[in-house]
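Okay, here's what each chain looks like letter by letter:
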Number of protein chains: 2
Amino acid sequence: MKIVALAGGIGAGKFLRGMVRVAPPDALTVILNVADDVVVHGLHVSPDPDSVTYWLGDAFDRERGWGRRDETFRATEELRAFGAPDAWFNLGDLDLATHVLRSAMLREGATMSEVVTRVAARFGVGARLMPVTDDRVETRIDAVDARSGDRLDLSFQEYWVRRGAVDPVKGVRFVGVTDSRPAPGVLEAIGDADLVVLPPSNPVVSLGPILAVPGVRAAVGERRPAVVGVSGIVGGAPLAGMADKLMPAVGLEVTAAGAAAAYDGLLGSWVIDQRDRELAGRIEATGVRVIVTDTVMRDDDAAERLSSVVLDATI
Amino acid sequence: MKIVALAGGIGAGKFLRGMVRVAPPDALTVILNVADDVVVHGLHVSPDPDSVTYWLGDAFDRERGWGRRDETFRATEELRAFGAPDAWFNLGDLDLATHVLRSAMLREGATMSEVVTRVAARFGVGARLMPVTDDRVETRIDAVDARSGDRLDLSFQEYWVRRGAVDPVKGVRFVGVTDSRPAPGVLEAIGDADLVVLPPSNPVVSLGPILAVPGVRAAVGERRPAVVGVSGIVGGAPLAGMADKLMPAVGLEVTAAGAAAAYDGLLGSWVIDQRDRELAGRIEATGVRVIVTDTVMRDDDAAERLSSVVLDATI
């Protein structure tokens, strides 16, 4: 069985950690969002690829909810003492090694695909990881300063990490996406998949930029019966993150039905939480089979159970 | 009183730590060697400027003999786990912040002078620090592989840190130096100085590249009566480092007299150790006044005494 997952960061990592307990890791290909990437102190940081890699490599800090376990922040504290302009972005000392390596590789002409493969290998990740594109695509958030009312044009990390997602959002753009091409193997992996999973990720800024790379949305749509998505919106709110702030800005209702609508024309099946069972009829009316289960992944066992439901959902 | 010191790294830092106890820090300008600079994992590392800054900022690790005190090496250990090609060069986590900041500044168009000033300010250094040049000059060591006999063309750090200075040296070059220009303020500082100090540094690879920047050697020579050097060679061997391996390759005897010869035509006075008193006559025959004292800086008090001797030596 060949499984492809489109992945944002933390929700996807948590889910995939369960998936590799029920499916052989080498059956799994993960296509990663790179539009949240940000240059910090001149270093190329890839939050979503790293989160998934650290999750699958059992190096993720589950308590903190981001970055590496057993982390320290000595270099970042020093950069703060220097008054470095990017010191608002916390880079752990262990994590920093990943960014230094990636930046050096990219500067020497390596592709993002090569970087992702190298980092995954170091963490012993058995699944195949690939960025959706080797080209630079950048999510920009058009917002309004919560205090001054000024227009803001923010990178995703500035919006979310630096400013705490407090600024009302007017729109979301993926700069560079129309000229981007899928990375080698991306369309082939989707075309060959017996199951294409959309994990419980932010539909706007995590899976949105993946599907916006030319050819990807169409490739997923062609596999529609094999496409199973999981709602990250439960009870009208995201389980984590700030999707509730972004979905309205792109015309999506903040419900499991609104999240399904983000994948209009793509879904064979849509997994929603028990709490949202009353939405099942509305979603099924759009031609999507709905599966109701417990979607909250409290631990790896819960993630494994959810993955089993997804595996069983292939038509 | 205006004092200018030409500085390599560790010996100079140790000496200058004594100097700022006997002279007001703002009387002191330190002109720094940048030819040992090396790019590690794409980051610009400046060993000599950082050593002097950490010494003067009381952040230097005196026991280890390099880098910052209370240092950890977590990022470098991670880079080693990645198999990064430059992981032979140990970068501490605190130290890494300096290199990340410097690299980001240089990439954004700052000069090395601006970087040196910024780093010195963060460590509260009262003396004025400046690189000898804002241009890229690189010391290259022509050597012979100690095992294979093959010719080697090594950066200074490869020769010294990576390979442990075991390869016989055939020559030393300063690539880029003929096209380099003194950094703003360098010639003016030398011209205005009441005292120009050559601390006990390696005459070949520490002070050599400073004096090789066009205009610098001549500027020092014009101040000859005010120039006081201290021999880093005591009893026919360097107190630290590998000058004994390099001096013969450029035709210098490994003695306090050979070190003085490296500064031919520049020295007003030359301070040598008690152990080398029998060399005084030979050196004085070259027209240099010789001062014999205890030059071994066991601690800051000893460095202060040596600095007092140098201050008193101005003619």
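Attention here is on the structure that accompanies the text. (Residues numbered from 1 in each chain as written. Chains lettered and ligands numbered in written order. Predicted model: local features only at pLDDT ≥ 70, side-chain atom pairs only at ≥ 80, totals over all residues. Heavy atoms only, no water.)

Overview of the packing of aromatic side chains
Just so we agree on the cut-off: Side-chain rings of Phe, Tyr and Trp, where Trp is taken by its six-membered ring, are said to pair if the distance between their centres is within 6.5 Å; with planes under 30 degrees apart they count as stacked, over 60 as edge-to-face, and otherwise as tilted. Exposure classes here rest on a 1.4 Å probe applied to the protein chains alone. A residue is buried below 20% of its type maximum, exposed above 50%, and partly exposed in between.
Scanning the entire structure with this criterion turns up 12 aromatic pairs over all chains. Ring centres 5.5 Å apart and planes at 85 degrees place the aromatic pair tryptophan 88 of chain A and phenylalanine 89 of chain A in the edge-to-face group. Where tryptophan 55 of chain B meets phenylalanine 60 of chain B, the ring centres are 4.7 Å apart and the plane angle is 20 degrees; that geometry is what we call stacked. Phenylalanine 60 of chain B matches tryptophan 55 of chain B in its accessibility class, with the two residues each being buried.

Details of the pairing of strand β1 (residues 3–7) of chain B
All names here are of chain B. Rules: Secondary structure counts use DSSP, requiring at least four H or I residues in a row for a helix and at least two E residues in a row for a strand, with both numbered from the N terminus. For two strands to count as paired, DSSP must find a minimum of two bridges between them. When the strands point away from the viewer and the connection leading from the first strand across the helix to the second strand turns clockwise, the crossover is called right-handed.
Counted residue by residue, β1 has five buried out of five residues, so it is predominantly covered. The side-chain alternation of β1 yields two buried faces, one formed by Ile3, Ala5 and Ala7 and the other by Val4 and Leu6. Where β1 meets strand β2 (residues 28–32), five bridges bridge the pair, whose relative direction is parallel. By the bridge assignment, alanine 5 is partnered in β2 with valine 30. Regarding the hand of the β-α-β motif, the stretch spanning β1, helix α1 (residues 10–22) and β2 is right-handed. Of the strand pairs in this sheet, β1 and strand β9 (residues 195–198) are connected by three bridges, and their pairing is parallel. Pairing of alanine 5 across the sheet is with valine 197, part of β9.

Digging into the interface of chain B and chain A
Formally: Note on contacts: a residue pair is in contact if any heavy atoms of the two residues lie within 4.5 Å. Buried surface area refers to the total accessible area, computed with a probe of radius 1.4 Å, that the two partners give up upon joining, counted for both partners together. One speaks of a salt bridge when a side-chain nitrogen belonging to Lys or Arg is within 4 Å of a carboxyl oxygen belonging to Asp or Glu.
Each side of the interface is counted separately: chain B has 29 residues, and chain A has 29 residues. Of the roughly 2400 Å² buried where chain B meets chain A, counting both sides, 64% is carbon and sulfur surface. Summed over the three residues of chain B that lose the most area to chain A, namely Arg74, Glu78 and Phe82 of chain B, the buried surface amounts to 29% of that side. On inspection of chain B and its partner chain A, the count reaches four salt bridges.

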